[in-house]
Amino acid sequence: YKTQENMLLVISMQGGKCRNQSSLVRLTGTKYSCGGGGCGACTVMVSRYNSTTKAIHHYPATACLVPICSLYGAAVTTVEGVGSIKTRIHPVQERLAKCHGTQCGFCSPGMVMSIYTLLRNHPEPAPEQITKALGVERNLCHCTGYRPIVESGKTFCVESTVCELKGSGKCCMDQEDGSLVNRWEKMCTKLYDEDEFQPLDPSQEPIFPPELIRMAEDPNKRRLTFQGERTTWITPATLNDLLELKANFPKAPLVMGNTELGPSIKFKNEFHPVFISPLGLPELHFVNTTDDGKGDNRCGIQLAQLNDALHFIVSEQPKEKTKTYRALLKHLRTLAGAQIRNMAPAPSFHHTSHLSLIPLNGPFLERSPEADLKSEEIVSSVYIPYSTQWHFVFGLRMAQRQENAFAIVNAGMSVKFEDGTNTIKKLQMFYGSVGPTTVSASQTCKQLIGRQWDDQMLSDACRWVLDEIYIPPAAEGGMVEYRRTLIISLLFKFYLKVRRGLNQMDPQKFPDIPEKFMSALEDFPIETPQGIQMFQCVDPHQPPQDPVGHPVMHQSAIKHTTGEAVYIDDMPCIDQELFLAPITSTRAHAKIISIDISEALALPGVVDVITAEDVPGDNNYQGEIFYAQNEVICVGQIVGTVAADTYAHAREAAKKVKIAYEDIEPRIITIEQALKHNSFLFDEKKIEQGNVEQAFKYVDQIIEGEVHVEGQEHFYMETSSILALPKEEDKEMVLHLGTQYPTRVQEYVAAALNVPRNRIACRMKRTGGAFGGKVAKPAVLGAVSAVAANKTGRPIRFILERGDDMLITAGRHPLLGKYKIGFMNNGVIKAADVEYYVNGGCTPDESEMVVEFIVLKSENAYYIPNFRCRGRACKTNLPSNTAFRGFGFPQGTVVVEAYITAVASQCNLPPEEVKEINMYKRISKTAFKQTFNPEPLRRCWKECLEKSSFYTRKLAAEEFNKKNYWKKRGLAIVPMKFCIGIPTAYYNQAATLVHIYLDGSVLVTHGGCELGQGLYTKMIQVRSVSVFSNIEEYACYIQLNNFFLRNAITLNAQNACQTLMARLHPIIRKNPKGKWEDWIAKAFEKSISLSATGYFKGYQTNMDWEKGEGNAYPYYVYGAACSEVEVNCLTGAHKLLRTDIFMDAAFSINPALDIGQVEGAFIQGMGFYTIEELKYSPEGVLYSRSPDDYKIPTVTEIPEEFYVTLVRSQNPIGLGEAGMFLGSSVLFAIYDAVAAARRERGLAKTFVLSSPATPEMIRMTCVDQFTDMERLFSKEKGSPGHVSYSIFFCVSYSERRQRETESVFKCLDSFNNLDCPEPNP
Ligand SMILES: Cc1cc2nc3c(=O)[nH]c(=O)nc-3n(C[C@H](O)[C@H](O)[C@H](O)COP(=O)(O)OP(=O)(O)OC[C@H]3O[C@@H](n4cnc5c(N)ncnc54)[C@H](O)[C@@H]3O)c2cc1C
Ligand code: FES
Ligand code: FES
């Protein structure tokens, strides 16, 4: 890159993402997933030389937010620079692959870079550093469940990396008395062999480029100016130069880390013609501690360096001086990920060219104009004063996810007392996330000066602060009640912390807080996860070359970790290629009055705008609309696309297309609205057994209830990606794309283009995660791209941005379950009448099948003699919901577990007892009259209860709960009966084509799609495949999906190989000692065909919906999971302490892959049931469109202890979908903990449980004096600023109303008596 002065922008770079033809570097290992610094897929290592300290500093950075000009003088290492299959793979890459830390592989380069950078700085890290480097640092993975990734990192630790049970540093499996080994006879735990790993040799790492050191040492620094197409980037040489620039360009932003500006420019249409970047100016880049008790931190240092500096000061200085520093440190831990903290400098506070001081007070934080920076001013440094003896400072925070999530509410509070007293001299309370700026509760603080730090003061403070800080009902972010409750809950926490601090200073004078309140003081610690995975050992007599049953590494694992696995966006640019950007509807239901594309067409690089008029064939195929025509039926519907020479040009032009709408009534968003308008996509599906009405007459009790289960975003790491290549001849078109259903893509594209299906080829090598989201949607997106390719006659690259993907492709169906259950007092359920309604969205998609699955699987593991279940898909004006792992089962079965739990509560029995009483016990018929044997279910259940020490731990949890008022523990165990397959027989067929080439190599072509589940790997392991083609020697190659048959399973590969073996048999018999190549050569000479097809007709399933009967599923998979959680009743946070899973896995072909599927599905389920929350406006606009506002689990959410056992049975297998539901054990453990809190508070024992159990829901269900007070003093009660799919308030409004009068007094009373409140009468 040339500067204006003709200087070069010098960066040492081993790789970079290329997204247009002009790019010079074509290293595509670094992945692009969210584009906003929120997922870590694009992590690279940036290295810089510091000429003052003479040290080289390596740090991870998210490439998607790093402006290239900011890298002047830096060395950038991408995954290609770490290692490659072509040269030498690095130990980090090798171990991540061999520890099975990769499935779809899309997150793997980012994971490698985070671990690699850590090792460059700490070659022998502690296990906590690994957890931090991955979890706290925001590397997301939606496949593996993180456990194997952490484990691969832990192999670099000096400390023991074995299971470290009970902190002994010794694996329980090594116990000398062999007790455990005997109990778990023939079970193995080793999924990889550490002896195979290459050692890490830090001396082999590339050196920092000497020319960059020379550049950094050069004393003659010059101003750098880089001129772009639309903007200018200026890097000043000195502080004076910076001030001069700021005076000349007062509106130009200062770019430091670009972590705030970058997303605003990318996603909020901000534009700046000039940027000034003082990053690296020595005057802004140092930390100093001054003798007069002030720390001086220049504002140019990165937050990560500030973190190190604060740690150092805290370790050096007396404790009482560093209270502010410690509060900051605690807060820094939770602020973004390391990549962001390494880019973002310390927050900017003050300074002008005349060096004035701006106090960091209310007016400044509230951005009042007189206290704010002037446009020509910059911040040069931040002073952080030391604290004093009678001074307390704390930072408090609550977020959707403990780490790496924007705060729901945060606070900074400080109090100074008159020396030796608890009389308030100065009090400051600032709250974040309660308004557009930080808010100071200054009036409250002023009123409290001179007051004693006691319960009465707290009571007044809570009332006044609620009065002072107003969150309007329609506030952005919603959760108004919760946020207001948090305002006083955090204040209470501060109050307790200070009281404890006072007690520590003078125990005689200041009594301590009650023992039961102690646990409220601290947040949950972050632990390094540990656990054991157990599986059936292979028979010792099995020949060593037979890979069946061995934990073989994923076939593409090394390619994933080196970044050499090719995904769609990595494919090289094609001559004449165009980029496509979607134009989406902004209305949920409206008539299209006009579309004005003139402005868009006039923009540079734009080739065409494509609309419904350009579709040569069907634009509405099987109810799915490719381009909206005449009317729009949801926000996010594709109305048009822009084809341009770069993606940036296409996106800019898409924004310029003007569409005039006229709203159409009704606009249906929620299930409730659909029910009101009788709006459905299909007829009802129903099954029934026994006589439900009759049974209700004879039961002891009947309960009725509703359960809301919200939707889920697939959040595959590789967004929907398509490369459509029109051919010159015969209207042929080739589509490269990531899909789970190429057949459907072919069908839809052919229909849209009005050509025979044989002209359309779909190529699907791999995809970066799918989870059901790439079953149906790629067909619509494929048709959209193909129409554009057809119209322009040029190749089309259509890669959806994360926000567009989340908006357009929708996800799991939200569900409303209504139940009526009749049962006896001993917990036996006699009758159930259950109705399910899912929110299908605006088109059919897969909703009918989802409802069928829900209805058929809705009994889960329980036998209810009189059972009726009905299901319907609601038609709404939301993007069409689609397939998602588990296909309705994870939603539907929550309702089942919820009513079982409610029955238990009514009978005063533990839920596990009621589950056991009602569970299938012997060979039985399902409610749709299919026979099955539940023996493996009983075994999984029993083993899970026993091996998790369920009853002992339940007692321990009860003890814990007695001792702690604000934290509660809960345990739950869930059983699972999951039906595999599809009730329509022809969907189950599959085919394979096997060729043996003359050099002996083998090609297997089939109809399966590799999504990360290891399909190819397992196929190679199938005995007949592996035996006849030595996988080591001939690298049996699995071809991409070329067959258009829906499913491929290993059976048909086996079938084809057996055919070929039979043909080769006479040759082998004649020359038994011959080599494989000789046999093949001989076979060729003898004109024996070396190609064969394998065909699997499929399981002959059927379902007669008229009768409600059928052999709907070929077989069942069983399992059980037990989870234990701890809940913070004051904030709503929870921590998953332990999970035990027992899963029926038949005989696993590859236990590593199967355990990977179980763990990955469990963590995905756990996210679905706890933290993942879609937010819609009442107008149907999706708010949650990035990892910032839609939280999938990170490393820090996975169980602290995680035990997974594959239980052997006679069944075939299919674990990927089934494990999802086991995540609900966490939901019900939370329920158990919340129930304990409510029992103690004297609240109704049965309460509404909905999914997800978000912090908001947990907090508001743990009703106490603070929730009561919030309600009492809230100015308005009304609708929140957003609606979720379900309106769930866990405590029903009627219950709350009943309590209203008494609580007026109670909440005030309880403040006046801080000793543990007695249960309400
Ligand atoms: C994934 C992600 C997660 C995040 N998580 C959090 C979080 O948890 N909590 C949180 O608070 N923030 C979070 N942020 C926001 C962001 O990281 C912080 O606000 C960060 O401190 C911004 O610093 P920056 O240097 O990158 O800002 P930039 O984008 O470089 O600049 C931001 C603004 O500050 C001005 N500015 C910069 N330096 C000066 C100066 N010396 N004098 C005057 N003005 C100046 C610029 O003109 C610009 O307007 C997150 C961001 C991302 C992308
Ligand atoms: S793509 Fe850069 S962080 Fe997600
Ligand atoms: S392997 Fe991590 S996202 Fe797929």
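Just so we're clear, the structure is a prediction, and the values are computed from it rather than from any experiment. (Residues numbered from 1 in each chain as written. Chains lettered and ligands numbered in written order. Predicted model: local features only at pLDDT ≥ 70, side-chain atom pairs only at ≥ 80, totals over all residues. Heavy atoms only, no water.)

Enquirer: Would you take a moment to explain the confidence of the model for the chain for this structure?
Expert: Low-confidence regions, as indicated by low pLDDT, have predicted coordinates that should not be scrutinised in detail. With 87% of its residues at a pLDDT of at least 70, the chain reaches an overall mean of 87. Confidence over residues 1040-1048 falls short of pLDDT 50; this stretch has 51 contacts with residues more than four positions distant or in other chains. The model gives residues 1277-1321 a pLDDT under 50, and that stretch makes 107 contacts with residues more than four places away or in other chains. (pLDDT = per-residue confidence, 0-100. Contact = heavy atoms within 4.5 Å.)

Enquirer: Hey, could you run me through unusual backbone geometry in this one?
Expert: Comment: phi is negative for the bulk of residues other than glycine, and the bulk of peptide bonds are trans. Cis peptide bonds are those with omega within 30 degrees of zero, and the linkage from E665 to P666 qualifies with -5 degrees. Looking at the secondary structure, you find P666 in the loop between β24 (658-663) and α20 (671-677). Geometrically, the link from S1251 to P1252 is a cis peptide bond, its omega value of 10 degrees lying close to zero. Looking at where P1252 falls in the secondary structure, it is placed in the loop between α37 (1224-1240) and α38 (1255-1261). Positive phi outside glycine occurs at Y146, with the angle close to 75 degrees. Along the chain, Y146 falls in the loop between α4 (127-136) and α5 (147-154). On the basis of relative accessible area, Y146 is assigned to the buried category, the value being 0%. Phi at S949 is positive, roughly 50 degrees, even though this residue is not glycine. Its place among the elements puts S949 in the loop between α28 (935-947) and α29 (950-963). (Helix = DSSP H or I, 4+ residues; strand = E, 2+ residues; numbered from the N terminus. Buried < 20%, exposed > 50% of the residue type's maximum accessible area, 1.4 Å probe, protein only.)

Enquirer: Whenever I open this one, helix α22 (residues 742-753) confuses me. Can you help?
Expert: Since the α-helix packs 3.6 residues into each turn, any two residues three or four apart lie on the same face. For α22, with 12 residues, the first-to-last C-alpha span of 16 Å sits near the 16 Å given by 1.5 Å per residue. Those residues of α22 lying buried are P742, T743, R744, V745, Q746, E747, Y748, V749, A750, A751, A752 and L753. At its buried positions, α22 is contacted by β20 (620-621), β21 (624-625), β29 (733-737), β30 (760-763) and α23 (777-792). (Expected span 1.5 Å × (residues − 1).)

Enquirer: Got a minute to help me understand the sheet that holds strand β33 (residues 815-823) in this structure?
Expert: Hydrogen bonding along the main chain pairs the strands of a sheet, whether they run parallel or antiparallel. With mixed pairing, the five strands of this open sheet are ordered in space as β25-β35-β34-β33-β26. Looking at the sheet topology across the chains shown, the edges are occupied by β25 (685-689) and β26 (701-709). For this sheet, the mean inter-axis angle between neighbouring strands, taken without regard to orientation, is 10 degrees. One ladder, built from nine bridges, connects β26 with β33; its direction is antiparallel. Following the sheet pairing, I702 is matched in β33 by G822. (Pairing = 2+ DSSP bridges. Axes fitted to C-alpha atoms, helices over the stretch in contact; angles between N-to-C directions.)

Enquirer: What should I look at first to understand a negative patch on the surface in this one?
Expert: A grouping of E728, E729, D730 and E732 is seen on the molecular surface, where their side chains present a negatively charged patch. Looking at the secondary structure, you find D730 in the loop between β28 (721-726) and β29. Judged by its relative accessible area of 48%, D730 falls in the partly exposed class. (Patch = residues over 30% accessible without salt bridge, like charges linked within 9 Å, V, L, I, M, F, W, Y side chains within 5 Å. Areas by Shrake-Rupley, 256 points an atom, 1.4 Å probe, with all protein chains shown as cover. Salt bridge = Lys/Arg side-chain N within 4 Å of Asp/Glu carboxyl O. Lys, Arg positive; Asp, Glu negative; His and termini not counted. Charge placed at Lys NZ, Arg CZ, Asp CG, Glu CD.)

Enquirer: Mind showing me how you'd approach the nonpolar core here?
Expert: In a soluble, globular protein the nonpolar side chains are often hidden away together inside. If you look at the biggest cluster of nonpolar residues, it comprises 227 residues, and the most contacted ones within it are Y431, W453, L491, Y899 and M1143. It is helix α16 (residues 480-505) that contributes the most residues to this core, 13 residues altogether. In terms of nonpolar packing, the next biggest core, distinct from the first, is built from 38 residues, Y621, L735, V787 and L800 among them. (Core = buried A, V, L, I, M, F, W, Y, C linked by side-chain atoms within 4.5 Å.)

Enquirer: Looking at this structure, how should I read the UniProt feature "binding site: substrate" (unreviewed entry) in the chain?
Expert: Residues annotated in UniProt with the feature "binding site: substrate" (unreviewed entry) correspond here to F887. Secondary-structure assignment places F887 in the loop between β35 (866-875) and α26 (889-906). In contact with F887, other than residues within four places in its own chain, are R812, E846, M849, V850, F853 and E1217. (UniProt positions renumbered as here; feature names shortened; annotations may be inferred.)

Enquirer: Please clarify how the packing of aromatic side chains should be interpreted in this entry.
Expert: Given two aromatic rings, their pairing is described by the distance between the two centres and the angle made by the two planes. Following the criterion strictly, the structure yields 39 aromatic pairs and no others. Ring geometry for F517 and W966: centres 5.9 Å apart, planes at 70 degrees, overall edge-to-face. Here F517 is found in the loop between α16 and β16 (530-536), whereas its partner W966 is found in the loop between α29 and β38 (967-980), with 449 residues between them in sequence. Residue F517 is classed as buried on the basis of its relative accessible area of 0%. In textbook terms, an aromatic cluster arises when at least three aromatic residues are bridged by ring pairs, as seen for F392, F394, F417, W453, F494 and Y495. (Phe/Tyr/Trp six-rings, centres within 6.5 Å; stacked < 30°, edge-to-face > 60°.)

Enquirer: Mind showing me how you'd approach the sheet that holds strand β7 (residues 232-235) here?
Expert: Sheet architecture is open: three strands sit in the order β6-β7-β8, paired in mixed fashion. Edge strands, defined here as strands with exactly one partner in the open sheet, are β6 (224-227) and β8 (274-276). Taken over all neighbouring pairs, the strand axes of this sheet differ in orientation by 15 degrees on average, direction set aside.

Enquirer: Looking at this model, I keep getting lost on the state of the cysteines. Mind explaining?
Expert: Note on terminology: disulfide describes a covalent bond linking the sulfur atoms of two cysteines. In this structure the tally under the stated criterion is one disulfide. Each sulfur of the disulfide joining C188 and C537 lies 2.1 Å from the other. On the S-S bond that ties C188 to C537, the torsion sits near 120 degrees, and the link is right-handed. Here the residue C188 occupies a position in strand β5 (residues 187-188), and C537 occupies one in the loop between β16 and α17 (557-562), the gap between them amounting to 349 residues. Exposure remark for C188: the relative accessible area of 24% places this residue in the partly exposed category. Its sulfur unpaired, C1262 is 4.0 Å from the next cysteine sulfur, which belongs to C1129. For C1262, a relative accessible area of 0% puts it in the buried group. (Disulfide = S-S within 2.5 Å.)

Enquirer: I would appreciate a short explanation of the UniProt feature "binding site: Mo-molybdopterin" (unreviewed entry) in the chain in the present structure.
Expert: Those residues carrying the UniProt feature "binding site: Mo-molybdopterin" (unreviewed entry) are Q740, F771 and R885 in this numbering. With the annotated positions falling across 146 residues, the maximum pairwise C-alpha distance of 11.9 Å places them together in a single cluster. With respect to the element layout, Q740 can be found in the loop between β29 and α22. The residues touching Q740, leaving out its near neighbours within four places in the chain, are A770, F771, G772, G773, K774, V775, C1009 and L1011. A polar atom in the side chain of Q740 sits 3.0 Å from the backbone nitrogen of G772. Among the secondary structure elements, F771 is positioned in the loop between β30 and α23. You can call F771 buried: its relative accessible area is 11%. Beyond its immediate stretch of four places on either side in the chain, F771 contacts H142, C143, H714, F715, Y716, Q740, A883, F884, R885 and Q1164. (Polar contact = N/O pair within 3.5 Å; in protein donor to acceptor, adjacent residues only side chain to side chain.)

Enquirer: What am I meant to see in empty space enclosed by the protein here?
Expert: The probe, sized like a water molecule, is rolled over the atoms to show the empty space still left. Across all of its chains, the model carries 14 cavities of 30 Å³ or more by this definition. In this structure, the largest cavity encloses a volume near 410 Å³. Lining the largest cavity are 29 residues, and of these M398, A399, R401, Q402 and A1133 sit closest to its centre. If you list the elements that add at least two residues to the lining of the largest cavity, you get α11 (323-334), β12 (391-399), β44 (1134-1144) and α35 (1151-1170). Across the lining of the largest cavity, the residue classes break down as 11 nonpolar, 11 polar and seven charged. What lines the second largest cavity is a set of 17 residues, and nearest its centre among them are I625, Q637, K777, V780 and I808. It is α23 that provides the largest number of residues to the lining of the second largest cavity, a total of three residues. Grouping the constituent residues of the lining of the second largest cavity by class yields 10 nonpolar, five polar and two charged. (1 Å grid on protein atoms, 1.4 Å probe; cavity = no way out; pocket = protein on both sides within 12 Å on 5 of 7 lines; lining within 4 Å. Points joined across faces, edges and corners; volume = space filled by probe spheres on them. Nonpolar A, V, L, I, M, F, W, Y, C, P; charged D, E, K, R; others polar.)

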